[in-house]
Amino acid sequence: MPRIELLKDSTVRKIAAGEVIVRPSSVVKELLENSLDAGAKRITIEVRRGGKDLIRVIDNGCGMEREDVPLSIHRYATSKLKDIEDLNSLSYLGFRGEALASIASVSKLKIITNTDDSKSATLLEAEEGKIKEIRECARPRGTTVEVNALFYNLPVRRGFLKSPNYELRLIIETIKSYGIAYPEVSFTLISEGEEILLLPEAGSIKERLQVFYSKEEVESLKECRIDNPTISIYGYISDPLRPLDYPLQLTYFNKRPARNRVVGKVMNEVYGSKQNPPGYLLFFKIPPELLDVNIHPTKSEVRFKDERFLYDFLTQTVKKTLDIKEQERIGERLSQQDFLTEERERKFWQLHNSYIFAQVQTGYVIIDQHVAHERIIYEEILEKRGQLSQKLLFPITIELPWELYSIFEEVKDTLASLGIEAKGFGERTIVIEAVPAETKIGRQEILELLMELKDMDKAKLHYEEEVAKVIACKAAIKAGKRLSQEEMESLINRLFACQNPYFCPHGRPIIIRVSLEDLNRKFGRE
Ligand code: ADP
Ligand code: MG
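Let us look at the structure shown here. (Residues numbered from 1 in each chain as written. Chains lettered and ligands numbered in written order. Predicted model: local features only at pLDDT ≥ 70, side-chain atom pairs only at ≥ 80, totals over all residues. Heavy atoms only, no water.)

Moving on, we get to the pairing of strand β6 (residues 142-148). In terms of burial, β6 is largely enclosed, as six of its seven residues are buried. Pairing analysis gives six bridges linking strand β2 (residues 54-59) to β6, with the strands arranged antiparallel. Its bridge partner being in β6, Ile 55 is matched across the sheet by Val 147. Examined bridge by bridge, strand β3 (residues 108-114) and β6 share seven bridges and lie antiparallel to one another. Looking at the pairing, Ile 112 lines up with Thr 144 of β6. (Buried < 20%, exposed > 50% of the residue type's maximum accessible area, 1.4 Å probe, protein only. Helix = DSSP H or I, 4+ residues; strand = E, 2+ residues; numbered from the N terminus. Pairing = 2+ DSSP bridges.)

Quick look at the structure:
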């Protein structure tokens, strides 16, 4: 065994740097945070070869005093934190005094900074974390940080970087995420001497978003705002009926861009469909003591002290935002009455045995028969519980594969409370004795149901509702089933008796409405 030796200081620094600085975009992130912390209103980012050769960030912020410049590249040197208690009340993006030190130890670094137009500026050059030169020079108020040859002294890491184009894309994403949170600051990105992104100073987040999304897309976003003593949420979520052409999934915690796994989970659950990813841009304001930002060296992920509360609170907020807006849009004038016409003429048409097409007073609607039925069953079984249960004339006996039988044992009480009564019978045989009225639950549906429940966590919040969703999905009429006039009418009547006729329990839209005005406009009849 070789003897144990202490690592050289410079080696320790390089290892530590690797945790904060992973690639060019992490340098850009740290430098942008510093410029924003310095109160800059104009930030220019210049890169060459996706930042591998050069990253230069120029700001018009407060700058640094001459004696502070050498300190800035020291580890744990920060002007933003006096003692550890302060970690709980951070208003700055940076606070650990690590970024410049890390960058300095893995690149050739140059800082030029000035606090006052009427004074002279300071220039510092460093290599491997050591100061090579420090002198006076000229520069107006603000700071320029230049990072050359990133990872030149860590060839393996440098080798792991992807193509300049790929690294540039990540840099653009980074600038976008800060740019959206700070519309009052202008950002310019120059790559290979050419301006490739310009975010001029904007009056609002929506205005800034128009650099990245079409006007129509931005307008389709729904505003979401909720205040609560412990947490407030502000931002925009996409219209489930109008998916965005380019993904928008950004979250900020006290204005710091970061991810939190609960948010993505909630959004996917509410929007349901995977082909149509939810768009969201959400700002969370939270007392810092309820937040743990320190779990990740790059601060890119945050955790809540009470993630369950966040889960519930956000689910409610998003659902409320979607429902209110949806009802304003389609609900207002659309009700069961709209479908009734004086004459006994034909009112419904079925398209491809899957969608119901109907004329309403203000235009037409298309209803997805499967999700409509799903919504009806879901609300009915949750509301009426076991009362809806109807004894089967011929109980269904099913012999289950072994692993499904154990699931059955686990869920049978929940199933009974939702109207599916079944008994275990012998080794792995079950007998279904009653199912919710007006549903066609047979052998196949029970098998599919148990299969799906297999992967569901019983300790999950709202477990019963989750099971109800699965039952509703299995019991609902399928796409492709032909319906008579009477069946379509009954389906629509029952749908409008629901509390939320607009979205299926998984969050997919049930009704699409097109107004006569829309049609007229499309045909150029305005
Ligand atoms: P932190 O941001 O965590 O304080 P950094 O290593 O990123 O640590 O920066 C160290 C210090 O250097 C900051 O606290 C700040 O005082 C100073 N500094 C860095 N960048 C700038 C800048 N663009 N403008 C003014 N001061 C800066
Ligand atoms: Mg910093």
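Now that the structure has been shown, the text picks up again.
Below, the discussion takes up empty space enclosed by the protein. Per the stated rule, a full pass over the model turns up one cavity of 30 Å³ or more. Space inside the largest cavity adds up to approximately 40 Å³. Lining of the largest cavity is provided by His 373, Ile 377, Glu 380, Leu 388, Ala 437, Glu 438, Thr 439 and Arg 494. When residues in the lining of the largest cavity are grouped by element, the largest group, three residues, is from helix α12 (residues 369-384). Its residues assigned to classes, the lining of the largest cavity comprises three nonpolar, two polar and three charged. (1 Å grid on protein atoms, 1.4 Å probe; cavity = no way out; pocket = protein on both sides within 12 Å on 5 of 7 lines; lining within 4 Å. Points joined across faces, edges and corners; volume = space filled by probe spheres on them. Nonpolar A, V, L, I, M, F, W, Y, C, P; charged D, E, K, R; others polar.)

This part takes up the sheet that holds strand β21 (residues 429-436). Judged by pairing direction, the sheet is antiparallel, and its three strands sit side by side in the order β19-β21-β20 without closing on themselves. Two strands lie at the open edges of the sheet, namely β19 (389-399) and β20 (421-425), each paired on one side alone. For this sheet the average axis-to-axis angle between neighbouring strands, irrespective of direction, equals 15°. In this sheet, β21 lies alongside β20 in antiparallel orientation, the contact comprising five bridges. In the strand pairing of β21, Gly 424 is matched with Ile 430. This element, helix α13 (residues 402-417), spans β20 and β21 of the sheet and lies at about 130° to β20. Helix α14 (residues 443-454) contacts β19 and β21 of the sheet and is inclined by roughly 75° relative to β19. (Axes fitted to C-alpha atoms, helices over the stretch in contact; angles between N-to-C directions. Contact = heavy atoms within 4.5 Å.)

The next point concerns the sheet that holds strand β13 (residues 280-285). Taken in spatial order, the five strands line up as β9-β10-β13-β11-β12 in an open sheet, and their pairing is mixed. Edge strands, defined here as strands with exactly one partner in the open sheet, are β9 (222-226) and β12 (256-257). Examined bridge by bridge, strand β11 (residues 249-253) and β12 share two bridges and lie antiparallel to one another. By the bridge assignment, Phe 253 is partnered in β12 with Arg 256. In the packing of helix α6 (residues 164-181) onto the sheet, the strands contacted are β11, β12 and β13, and the crossing angle to β11 comes to about 60°.

Bringing the nonpolar core into the picture now. Formed by 55 residues in total, the largest nonpolar core has its most connected members in Ile 175, Phe 187 and Leu 281. Sort the elements by how many residues they give to this core and α6 lands first, with six residues. Counting contributing residues per domain, this core is built from domain 1 (9-202) and domain 2 (213-325), each supplying no fewer than three. In this view, Phe 187 contacts Leu 32, Leu 36, Ile 43, Ile 45, Ile 175, Tyr 178, Gly 179, Tyr 182, Leu 197, Leu 198, Leu 199 and Arg 208; residues no more than four positions away in its chain are not counted. (Core = buried A, V, L, I, M, F, W, Y, C linked by side-chain atoms within 4.5 Å. Domains from an automatic or database assignment.)

For the structure shown, the criterion picks out 25 salt bridges. Across the salt bridge formed by Arg 23 and Glu 167, the nearest N and O atoms sit 2.8 Å from each other. Placement of Arg 23 in the loop between α1 (9-20) and α2 (24-37) and of Glu 167 in helix α6 is noted, with a sequence separation of 144 residues between them. Salt-bridge contacts for Glu 269 lead to Lys 265; the nearest nitrogen and oxygen are separated by 3.4 Å. In this pair, Glu 269 and Lys 265 are both assigned in helix α9 (residues 261-271), four residues apart and thus about one turn of the helix distant. Assessed through its relative accessible area of 38%, Lys 265 is described here as partly exposed. Through salt bridges with shared partners, a single network forms among Glu 216, Glu 217, Arg 242 and Asp 245. (Salt bridge = Lys/Arg side-chain N within 4 Å of Asp/Glu carboxyl O.)

Glancing now at the site of ligand 1. Residues in contact with ligand 1 amount to 19 residues; listed here are only the nearest, Asn 34, Thr 78, Ser 79, Lys 80 and Gly 97. Between ligand 1 and the protein, one listed contact pairs an oxygen atom with a backbone N or O atom of Leu 100 at 2.9 Å. Thr 143 places a side-chain nitrogen or oxygen 3.3 Å from a nitrogen atom of ligand 1. For ligand 1, whose unbound accessible area comes to 530 Å², protein coverage reaches 93%. Listing elements by their share of the shell around ligand 1, those giving two or more residues are α2 and α4 (99-105). Taken together, the residues that form the shell around ligand 1 break down as six nonpolar, nine polar and four charged. (Near = heavy atom within 4 Å. Polar contact = N/O pair within 3.5 Å; in protein donor to acceptor, adjacent residues only side chain to side chain. Areas by Shrake-Rupley, 256 points an atom, 1.4 Å probe, with all protein chains shown as cover.)

Backbone geometry at Glu 192 places phi at a positive 50°, although glycine is not the residue there. With respect to the helices and strands, the residue Glu 192 is situated in the loop between β7 (186-191) and β8 (194-199). A positive phi angle is found at Lys 255, which is not glycine, with a value near 70°. As for its position among the elements, Lys 255 is in the loop between β11 and β12. Of the residues examined, Lys 255 reaches a relative accessible area of 33% and is grouped as partly exposed.

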